Amino acid sequence: MHPSLKSAVIAILENKDKTVNTRLQEVCELLKAAIPHYDWVGFYFRNGEKEELKLGPYAGAPTDHTIIPFGKGICGQVAVSNANFVVPDVAAQDNYIACSITVKAEIVVPLFVDGKNIGQIDIDSNTPDPFTEKDERFLEFVNQEVSKIL
Ligand code: SME
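### Examining the pattern of salt bridges
Two side chains of opposite charge can pair, provided their charged atoms sit close to one another. Taken as a whole and judged by the stated rule, the model has six salt bridges. For Arg137, the salt bridge identified is with Glu133, shortest N-O distance 3.9 Å. Of this pair, Arg137 and Glu133 both sit in helix H4 (residues 133–147), four residues apart, roughly one helical turn. Judged by relative accessible area, which is 56%, Glu133 ranks as exposed.

### Details of the nonpolar core
Of all hydrophobic cores here, the largest spans 26 residues; its most connected members are Leu31, Tyr38, Phe43, Ile121, Phe138, Leu139 and Val142. Secondary-structure elements contributing two or more residues to this core are helix H1 (3–13), helix H2 (20–34), strand E1 (40–46), strand E5 (105–113), strand E6 (116–125) and H4. With five residues, the top contributor of residues to this core is H4. Ignoring sequence-local partners within four residues, the contact set of Ile121 consists of Leu31, Val41, Gly42, Phe43, Ile107, Val108, Val109, Leu139, Val142 and Asn143. Core analysis: the next-biggest nonpolar cluster, separate from the first, contains 16 residues, Leu53, Leu55, Ile74 and Phe85 among them.

### Regarding the site of the ligand
Taken together, Trp40, Tyr44, Ile68, Gly73, Ile74, Cys75, Tyr96, Ile97, Cys99, Glu106, Asp122 and Asp124 make up the full set of residues adjacent to the ligand. Between the ligand and Asp124 there is a distance of 2.9 Å, counted from an oxygen atom to a side-chain nitrogen or oxygen. It is helix H3 (residues 73–81) that provides the largest number of residues to the shell around the ligand, a total of three residues. Of the residues that constitute the shell around the ligand, the class distribution is eight nonpolar, one polar and three charged.

Reading guide: rules and limits
- Residues numbered from 1 in each chain as written.
- Predicted model: local features only at pLDDT ≥ 70, side-chain atom pairs only at ≥ 80, totals over all residues.
- Heavy atoms only, no water.
- Salt bridge = Lys/Arg side-chain N within 4 Å of Asp/Glu carboxyl O.
- Helix = DSSP H or I, 4+ residues; strand = E, 2+ residues; numbered from the N terminus.
- Buried < 20%, exposed > 50% of the residue type's maximum accessible area, 1.4 Å probe, protein only.
- Core = buried A, V, L, I, M, F, W, Y, C linked by side-chain atoms within 4.5 Å.
- Contact = heavy atoms within 4.5 Å.
- Near = heavy atom within 4 Å.
- Polar contact = N/O pair within 3.5 Å; in protein donor to acceptor, adjacent residues only side chain to side chain.
- Nonpolar A, V, L, I, M, F, W, Y, C, P; charged D, E, K, R; others polar.

Below is the structure:
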């Protein structure tokens, strides 16, 4: 990803005049606007001590899936696997929660604080098979920067 995009992410996250949620919201909006194959960008976080994820800030169409049990869907699987999950074709996945019929592909990257998986960034794309290792490395970078303010 372009270095200026990384700088813009850092600038948003370092702005202590805004709440953490507002900063995360702005990161979602930036990524969605800057990267053509990012059509929905959002954060899910572990819901307290429950074995479930809760939707945090996001940019894109509203989703009904504000709570996702661990193990369910791509997001719920990442909550237990601690690994990136790249889905080139969502139609080929059995354990998938559809948010919109326009979505063709998805990438979920876990977010670690002190080595603990506390949430994730989730990207939906309306473009088939758009995600590469560049997206994985970039989203790992975003999550590392986010972890510094949590
Ligand atoms: N598709 C996700 C659910 C979240 S929405 O994409 C916003 C999943 O299968 O976990």
